[in-house]
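# A structural walkthrough
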Amino acid sequence: MENEGAENPGRRLADGLRRGLRGLMAAAVDAVYPPVCAGCGRMTGQHRGVCPACWSTLRLIERPYCEVLGLPFSHDLGAGILSADAIANPPVFERLRSVAIHDGIAKSLVHGLKYRDRTDLAVMMAKWMIRASDGHVRACDAVVPVPLHAFRLWNRKFNQSAELARVIARMSARPYLPSALIRIKRTARQVGLGASQRQDNVRGAFQVTEAGKAALFGKRIVLVDDVYTTGATVSAATRALKKAGAADVTVLTFARAMSGLI
Ligand SMILES: [Zn+2]
């Protein structure tokens with residue numbers, strides 16, 4: 001048997017080099033992203049993305065909640081209870097899970113990731129998303145981001161949903177499928193549109209590629225987006241995944257808009 005113990009001098013040297021390299025990497029990251037809180041802009045002194053004071057204002061979504069829509073209940077009605085909305089209007093996806101209400105610091109984090117090029121936030125946000133998924137990331141066969149249209153991606157050069165999905169997949173050692181689902185329609189921005197306009201806007205906007213079909217058929221998928229608002233986008237994306245044969249879709253977002261919460 002090979003000696004993999006700490007006494008092995010070669011191993012010790014390799015570990016030392018690795019540690020040194022990690023220090024250098026951290027210094028490089030510091031130079032690119034000064035450790036500033038994404039909420040209040042104060043120096044945090046370390047790469048947490050957000051200071052403890054801002055973090056404490058995060059309105060986490062926790063049980064008791066509707067098992068399908070992940071809507072928090074004001075009191076505990078017992079395990080497995082569904083909200084009236086989930087019964088009256090069952091969604092196309094199996095379940096929705098989000099970390100926090102899209103407000104205050106959660107909004108700042110989403111905005112920071114999307115517009116301020118703070119990819120350092122993705123690691124922290126992804127950790128919380130894995131926790132909020134309640135074991136569904138661990139149990140899934142693949143992690144898929146809500147894609148941007150190629151033109152918008154070219155314009156912005158960055159898809160925040162893909163950034164989150166990539167980190168979630170890496171941290172959980174699940175397969176990451178960034179190009180199985182594509183956006184074939186250049187849609188207007190959803191911001192400022194009402195619920196039915198949003199639905200019309202994204203209808204038929206997504207398609208699974210031929211390679212994607214083989215990868216998704218019969219599989220349990222975690223579909224990642226940054227914010228859940230009316231659900232029009234993730235519902236259209238889920239329809240495309242289901243059409244391609246996906247067996248089970250968990251929608252996982254960092255934030256969730258207030259509307260519709262009980
Ligand atoms: Zn702060």
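Further up the page is the structure itself.
Keep in mind the model is a prediction, meaning the values are calculated, not measured.

### What to know about the overall build of the protein
For the protein, the count of helices and strands is 10 helices and six strands. When each of the 262 residues of the protein is scored for burial, the buried share is 44%. When the accessible area of the protein is evaluated, it comes to approximately 13,900 Å², of which 56% is carbon and sulfur surface.

### Examining the sheet that holds strand β6 (residues 248–256)
The four strands are arranged β1-β6-β5-β2 in an open sheet whose pairing can be described as parallel. With partners counted over all chains shown, the strands left at the sheet margins are β1 (95–101) and β2 (142–145), one partner each. This sheet shows a mean twist of 20° between the axes of neighbouring strands, independent of strand direction. Where β1 meets β6, six bridges bridge the pair, whose relative direction is parallel. Residue pairing for β6: Ala100 is matched across the bridge by Ala255. In this fold helix α10 (residues 232–243) packs onto β5 (220–228) and β6, with an angle of close to 165° to the strand it touches most, β5.

### Regarding the coordination of the zinc ion
When a metal holds four donors in a tetrahedron, each ideal angle between them is 109.5 degrees; when it holds six in an octahedron, the ideal angles are 90 or 180 degrees. Of the protein atoms, only Cys37 (SG), Cys40 (SG), Cys51 (SG) and Cys54 (SG) coordinate the zinc ion, at distances of 2.3 Å. If you look at the zinc ion, its four donor atoms make angles of 105 to 113° with each other, and the shape they trace is tetrahedral.

### Remarks on the side chain of Asn201
Mapped onto the fold, Asn201 is located in helix α8 (residues 195–202). Setting aside chain neighbours within four positions, we find Asn201 in contact with Lys185, Thr187, Ala188, Arg189, Gln190 and Leu193.

### Quick notes on the pairing of β5
The element β5 is largely enclosed, with a buried count of eight among its nine residues. Across four bridges, β2 lies against β5 in parallel orientation. The partner of Val144 across the bridge, within β5, is Leu223. Sheet topology places β5 next to β6; eight bridges connect them, and they run parallel. Among the inter-strand pairings, Tyr228 is bridged to a residue of β6, identified as Arg256. Read as a crossover between parallel neighbours, the route from β5 over α10 to β6 is right-handed.

### Things to note about the packing of helix α5 (residues 120–132) against helix α7 (residues 160–172)
Closest axis-to-axis distance for the α5/α7 pair is 9 Å, and the angle between their directions is 65°. The handedness of the crossing between α5 and α7 is right-handed. Contacts between α5 and α7 involve Ala122, Val123, Met125, Ala126, Lys127, Met129 and Ile130 on the former and, on the latter, Glu163, Leu164, Val167, Ile168, Met171 and Ser172. Of the residues contributing to the contact of α5 with α7, the split by class is 10 nonpolar, one polar and two charged.

### As for the side chain of Ser161
Along the chain, Ser161 falls in helix α7. Residue Ser161 is classed as buried on the basis of its relative accessible area, which comes to 2%. Here Asp225 takes part through its side chain, which lies 2.7 Å from a polar atom of the side chain of Ser161. Sequence-distant contacts of Ser161, defined by excluding residues within four places in its chain, comprise Pro145, Val146, Val224, Asp225 and Asp226.

### What about the nonpolar core?
Counting residues in hydrophobic clusters, the biggest one holds 35 residues, and the most contacted among them are Leu109, Met125, Met129, Leu164, Ile168, Val224 and Phe254. At the level of secondary structure, the elements contributing two or more residues to this core comprise β1, α4 (104–115), α5, α7, β5 and β6. A total of seven residues in this core trace back to one element, the largest contributor, which is α5. The residues contacting Ile168, other than those within four sequence positions of it, are Ala126, Met129, Ile130, Val137, Val224 and Leu252.

The rules behind each value
- Residues numbered from 1 in each chain as written.
- Predicted model: local features only at pLDDT ≥ 70, side-chain atom pairs only at ≥ 80, totals over all residues.
- Heavy atoms only, no water.
- Helix = DSSP H or I, 4+ residues; strand = E, 2+ residues; numbered from the N terminus.
- Buried < 20%, exposed > 50% of the residue type's maximum accessible area, 1.4 Å probe, protein only.
- Areas by Shrake-Rupley, 256 points an atom, 1.4 Å probe, with all protein chains shown as cover.
- Pairing = 2+ DSSP bridges.
- Axes fitted to C-alpha atoms, helices over the stretch in contact; angles between N-to-C directions.
- Contact = heavy atoms within 4.5 Å.
- Donors = N, O, S within 2.8 Å, 3.2 Å for Na, K, Ca; no water.
- Tetrahedral: all angles 85-135°; square planar, octahedral: opposite > 155°, others 65-115°.
- Right-handed = clockwise from strand over helix to strand, strands pointing away.
- Left-handed = near helix turned anticlockwise from the far one by under 90°.
- Nonpolar A, V, L, I, M, F, W, Y, C, P; charged D, E, K, R; others polar.
- Polar contact = N/O pair within 3.5 Å; in protein donor to acceptor, adjacent residues only side chain to side chain.
- Core = buried A, V, L, I, M, F, W, Y, C linked by side-chain atoms within 4.5 Å.

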